[in-house]
2 protein chains.
Amino acid sequence: MNETTLKVEGMTCNHCKAAVEGALTELDGIESAIVSLQDHRVDVIHNDKISKRAMIEAIEEQGYDVNA
Amino acid sequence: MNETTLKVEGMTCNHCKAAVEGALTELDGIESAIVSLQDHRVDVIHNDKISKRAMIEAIEEQGYDVNA
C-alpha cells in the first residue's frame, strides 16, 4: 500500500469531509481516505493501480479544488 | 401560509444548506425552506399547525444552533 496526501481547498464542515472521503473510498484501489478539515488535506492509502489523477478528479467532482 | 425566519449558526456550505432545508421540508406543515448561507438564516413558509419549536428541533438535530 502507498500513501498520497492531497491539499484540498474549500472543505468547511463534516459534510464536506464525508463527501470527499466517500468519493475516494468508492474508487477501486483505495483502502482509506481521511480528511483533515483543519489542515485542508486528505491522506489516502491506496494500491499502485490507481493514479493520483483519478483521485484528484473524484475530489473535483465533489466541487473542491486540489492543489496537488 | 405563514413565514418564519430563523437565525442559524454554523452552516458553511451547500451540504449544510441542503441538510437544513431537507430536514425542514420533511416536516408536516412546511411548504418551503430556503437557507441563505451568507445571512446565516432560513426562511420557512408553513401552515399554522407547525410550531417554531418543531422547526428549531429539526435544525438542531442536523447539528446547528438556532438563535430564535
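Fair warning: this is a prediction, and the values are worked out from it, not measured in the lab. (Residues numbered from 1 in each chain as written. Chains lettered and ligands numbered in written order. Predicted model: local features only at pLDDT ≥ 70, side-chain atom pairs only at ≥ 80, totals over all residues. Heavy atoms only, no water.)

Visitor: Give a detailed account of the UniProt feature "domain: HMA" (unreviewed entry) in chain A, specifying residues and quantitative values.
Guide: Taking the numbering used here, the UniProt-annotated feature "domain: HMA" (unreviewed entry) corresponds to residues 2-67 of chain A. Within residues 2-67 of chain A, the helical portion is 33% and the strand portion 36%, while the C-alpha atoms at the span's ends are 19 Å from each other. (UniProt positions renumbered as here; feature names shortened; annotations may be inferred. Helix = DSSP H or I, 4+ residues; strand = E, 2+ residues; numbered from the N terminus.)

Visitor: Could you give an account of the relation of the copies chain B and chain A, with specific residues and numbers?
Guide: When chain B is fitted to chain A, the residual RMSD is 0.0 Å, and the transformation amounts to a turn of 180° plus an axial shift of 0.0 Å. In short, the pair behaves as if placed about a two-fold rotation axis. Here 100% of the contact residues of chain B are again contact residues in chain A; the copies associate through an equivalent surface. (Least-squares fit on C-alpha atoms with pLDDT ≥ 70 in both. Contact = heavy atoms within 4.5 Å.)

Visitor: Lay out helix 2 (residues 52-61) of chain B in plain terms, naming residues and giving numbers.
Guide: Residue and element names in this part refer to chain B. Looking only at helix 2, the buried set comprises Met55, Ile56, Ala58 and Ile59. Across the axial projection of helix 2, the buried residues extend over an arc of 160°, all falling on one side. Contact partners of the buried residues in helix 2: strand 1 (2-9), helix 1 (14-25), strand 2 (30-36), strand 3 (41-46) and strand 4 (65-67). Gly63 lies just past helix 2 and shows a positive phi near 100°. (Buried < 20%, exposed > 50% of the residue type's maximum accessible area, 1.4 Å probe, protein only. Arc of directions from axis to C-beta.)

Visitor: Talk me through the interface of chain B and chain A; I want residue IDs and the actual numbers.
Guide: Bring the parts together and some accessible area is lost; that lost area is often taken as the interface size. Opposite the six residues of chain B that make contact, chain A presents six residues. Looking at the side of chain B facing chain A, the largest losses of area belong to B:Thr12, B:Cys13 and B:His15, adding up to 78% of the total buried there. Here chain B and chain A share three residue pairs in polar contact (both at pLDDT 80 or more) between them. Considering only residue class, the side of chain B that touches chain A consists of four nonpolar, two polar and no charged. (Buried area = accessible area lost by both parts, 1.4 Å probe. Polar contact = N/O pair within 3.5 Å; in protein donor to acceptor, adjacent residues only side chain to side chain. Nonpolar A, V, L, I, M, F, W, Y, C, P; charged D, E, K, R; others polar.)

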